[in-house]
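Summary of structural features
Residues per chain, in single letters:
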Amino acid sequence: MNIILLGPPGAGKGTQAEAITHRLGIPQVSTGDIIRAAIKKQTPRGLEFKTYTDAGALVPDALVHALVEDRLTEPDCASGFLLDGFPRTVVQAKWLDGMLEARGRSISHVLLIVVDDAVILERIVGRGLDPVTGHIYHTKFDPPPTPEIAARLIHRRDDTADVLSLRLREYHNKTAPLIPYYENAGLLRRVDGFGPVDDVKRRIADVLEGGG
Ligand code: AP5
């Protein structure tokens, strides 16, 4: 399966990606994670990315295309992949279609995780990433099980109320047009992102297994 996970910041894309990729045995390709890794290494490209992510703005399309092409042509993506955070604009979506078509491939599923902006702030400000396991915790909804894990959680620089409002604006202006784009292609399925993580997992599994 070649899957795209769509949804606003904090919708639960990363959380659900962990479960889907584990179940299907395909890699998660998160442009946010790739961009943060470059920023952490302080590569020249990483420093350029940082100016965008700190401002809650999307990184320019051409820069992201190169990252995605490199990653999707790695051997572990040959039998499927899950894209988390890409595409984010119609330009990126069209580029992806062309890049896959040139390799005889295509997207099989686009899952839109639907949540209201009202719940997003609480999810974002409580988020913490465990750098050892890669698991995404939340202080209230998925608290770390031990004080050791709690102490090592990483909080993202862009997870503040101010930056979130800019990220949401980018989402509504530039990413939401992907909804009609993939609807017209007959690929889009909406998944209710409210309620406990396990309930959302079940809804996604139903859609991927053809019952949802
Ligand atoms: P990116 O890393 O992709 O961030 P995002 O899309 O804003 O999404 P998030 O990672 O914030 O949220 P999520 O939906 O994964 O939620 P999560 O599962 O963590 O992008 C960051 C930046 O990189 C962008 O701003 C941009 O600058 C750049 N970028 C990335 N891709 C780009 C592209 N293609 N083009 C251009 N620029 C790009 O969940 C959030 C919290 O909620 C967690 O704590 C979790 O435990 C909790 N939670 C999850 N589900 C539930 C639930 N059902 N109930 C309660 N809590 C829940």
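Structure's up top.
Residues numbered from 1 in each chain as written. Predicted model: local features only at pLDDT ≥ 70, side-chain atom pairs only at ≥ 80, totals over all residues. Heavy atoms only, no water.

Moving on: the packing of aromatic side chains. Throughout the structure, instances matching the rule amount to two aromatic pairs. With a centroid separation of 6.0 Å and 90° between ring planes, the pair formed by phenylalanine 86 and tryptophan 95 is classed as edge-to-face. Under the relative-accessibility criterion, phenylalanine 86 is labelled buried at 0%. Ring centres 5.0 Å apart and planes at 90° place the aromatic pair tyrosine 181 and tyrosine 182 in the edge-to-face group. Note on tyrosine 182: relative accessible area 1%, which makes it buried. (Phe/Tyr/Trp six-rings, centres within 6.5 Å; stacked < 30°, edge-to-face > 60°. Buried < 20%, exposed > 50% of the residue type's maximum accessible area, 1.4 Å probe, protein only.)

So, about helix 6 (residues 117-125). Think of an α-helix as turning once every 3.6 residues; residues three or four places apart then point the same way. Turning to helix 6, its buried residues are Ile120, Arg123 and Ile124. Taken around the axis of helix 6, the buried residues stretch over an arc of 95°, which confines them to a single face. (Helix = DSSP H or I, 4+ residues; strand = E, 2+ residues; numbered from the N terminus. Arc of directions from axis to C-beta.)

The next thing to look at is the side chain of threonine 89. By the element assignment, threonine 89 lies in the loop between strand 3 (81-84) and helix 5 (90-101). Side-chain polar atoms of threonine 89 contact the backbone nitrogen of glutamine 92, separated by 3.0 Å. With sequence-adjacent residues up to four places away left out, threonine 89 is seen in contact with Leu58, Asp61, Lys174 and Leu178. (Polar contact = N/O pair within 3.5 Å; in protein donor to acceptor, adjacent residues only side chain to side chain. Contact = heavy atoms within 4.5 Å.)

Formed by 31 residues in total, the largest nonpolar core has its most connected members in Leu72, Leu96 and Tyr182. Mapped by element, the contributors of at least two residues to this core are strand 1 (2-6), helix 2 (31-41), helix 4 (61-72), strand 3, helix 5, strand 4 (109-114) and helix 9 (178-184). Filtering out sequence-adjacent residues up to four positions away, tyrosine 182 remains in contact with Ile4, Leu6, Pro87, Ala93, Leu96, Val110, Leu187 and Leu188. In terms of nonpolar packing, the next biggest core, distinct from the first, is built from 19 residues, Val115, Ile120, Leu168 and Ile204 among them. (Core = buried A, V, L, I, M, F, W, Y, C linked by side-chain atoms within 4.5 Å.)

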